[in-house]
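Spelled out from the first residue to the last, the chains are:
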2 protein chains.
Amino acid sequence: MSTVPDTLSITFAALADPTRRAILERLAEGEATVSELANPFSISAPAISRHLRVLAEAGLIEREIDARWRICHLRADALRGAHGWLETYRRHWEDNLDRLVEFVERTHAGDTDHIKRTAGARRKKP
Amino acid sequence: MSTVPDTLSITFAALADPTRRAILERLAEGEATVSELANPFSISAPAISRHLRVLAEAGLIEREIDARWRICHLRADALRGAHGWLETYRRHWEDNLDRLVEFVERTHAGDTDHIKRTAGARRKKP
DNA sequence: CTGTCGATTAACCAAGTGGTTAAGTGACGG
DNA sequence: CCGTCACTTAACCACTTGGTTAATCGACAG
């Protein structure tokens, strides 16, 4: 435990598990107790408990104590950061200008130096 | 076990590291060689090489061999799945209807049984 | 008070991750 | 042909992760 991970890393790490994503999907339909969340899975209760702890520490869920039960609900605004990060790259798969540029760069390889080559000039010019 | 992780888990796991995200951010500006990508970081070349392998296996980058150099470019459409998953939960942080429902549930706790309680009736009615 | 139920913590284990250094590979430049 | 450059692979290490079982805790029913 040398360096504490940043928020975005914690969020993405929390989402990088199918069980936790399934829990969030279930929670998107509405609040639920821990045993209700554990029900669809074949893993043990402590395993679920730890998944919930990860989600809670990532700020993705909240646990409210109701007598013997812990009622979990979604705190989806913690997903905003991750969504925002991905949103930055949206144009790279939606904007076909990129495909055009890429096409020009590939096919007219030699004479495209007017196009920004961020990798700089590496190849020797014949 | 050796159960192979699903695509979404692989994508999120690849994004759950600040070095790899920085590499993608750099790559969003344009293609780059491995050493150019490694330049801003203080970690060793093999460490960078493995980060790139993770990104490549997640389908987030492509490596093209150019003589001695490996030129990396972004393959952002692999982010589409992750983006799409998050998009599902957008309304939970953007729609203030949810905040209203939550407010009613909390403040009028006793007499909101007409509101869908997905967790079922657990608490004893006084 | 005692037993039980929902949930968590503790202790442990196998496997994975991120870093290191050292060695290997393929393409040039001289 | 030999050395170097760009990069990867191999072997190793500390630490984390996801799972287990056993023990624990608090709220309640009897």
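The structure displayed is predicted, hence computed values, not measured ones.

Draft legend 1. Quick look at the environment of Ser42 of chain A. Residues and elements named next belong to chain A. Positionally, Ser42 belongs in the loop between helix H3 (34-38) and helix H4 (45-57). Take Ser42: its relative accessible area is 78%, and that puts it in the exposed class. Ser42 sits 44 residues away from Leu86 along the chain, and the two C-alpha atoms are 32 Å apart.

Draft legend 2. Representation of the protein's contact with DNA strand C in the model. Around DNA strand C, 20 residues are found, and the nearest of them are Ser35 and Ser49 of chain A together with Ser44, Arg50 and His51 of chain B. The sugar-phosphate backbone supplies 63% of the atoms of DNA strand C found within 4 Å of the protein. Between DNA strand C and the protein, one listed contact pairs a phosphate oxygen with a backbone N or O atom of Val34 of chain A at 3.1 Å. Arg50 of chain B places a side-chain nitrogen or oxygen 2.6 Å from a base nitrogen of DNA strand C. If you list the elements that add at least two residues to the surface near DNA strand C, you get H3, H4 and strand E3 (69-74) of chain A together with helix H4 (45-57) of chain B. The element that contributes the greatest number of residues to the surface near DNA strand C is H4 of chain B, accounting for four residues. Tallied by class, the residues present in the surface near DNA strand C amount to eight nonpolar, five polar and seven charged.

Draft legend 3. How the structure looks around the packing of aromatic side chains. The final tally for this structure, using the stated rule, is five aromatic pairs over all chains. Look at Phe12 of chain B and Trp85 of chain B: their rings are 6.1 Å apart centre to centre, the planes differ by 80 degrees, and that puts the pair in the edge-to-face class. With Phe12 of chain B in helix H1 (residues 7-15) and Trp85 of chain B in helix H5 (residues 79-87), the pair connects residues that are 73 residues apart, well separated along the chain. Trp85 of chain B matches Phe12 of chain B in its accessibility class, with the two residues each being buried. When the centroid spacing of 4.6 Å and the interplanar angle of 45 degrees are considered together, the rings of Trp85 of chain B and Tyr89 of chain B count as tilted. Of the residues examined, Trp85 of chain B reaches a relative accessible area of 9% and is grouped as buried. On the basis of relative accessibility, which here comes to 3%, the residue Tyr89 of chain B falls in the buried class. One aromatic cluster is present, formed by Phe12, Trp85 and Tyr89 of chain A together with Phe12, Trp85 and Tyr89 of chain B through successive ring pairs.

Rules and cut-offs
- Residues numbered from 1 in each chain as written.
- Chains lettered and ligands numbered in written order.
- Predicted model: local features only at pLDDT ≥ 70, side-chain atom pairs only at ≥ 80, totals over all residues.
- Heavy atoms only, no water.
- Helix = DSSP H or I, 4+ residues; strand = E, 2+ residues; numbered from the N terminus.
- Buried < 20%, exposed > 50% of the residue type's maximum accessible area, 1.4 Å probe, protein only.
- Near = heavy atom within 4 Å.
- Polar contact = N/O pair within 3.5 Å; in protein donor to acceptor, adjacent residues only side chain to side chain.
- Nonpolar A, V, L, I, M, F, W, Y, C, P; charged D, E, K, R; others polar.
- Phe/Tyr/Trp six-rings, centres within 6.5 Å; stacked < 30°, edge-to-face > 60°.

Without other data, these values stay purely geometric and don't point to any function.
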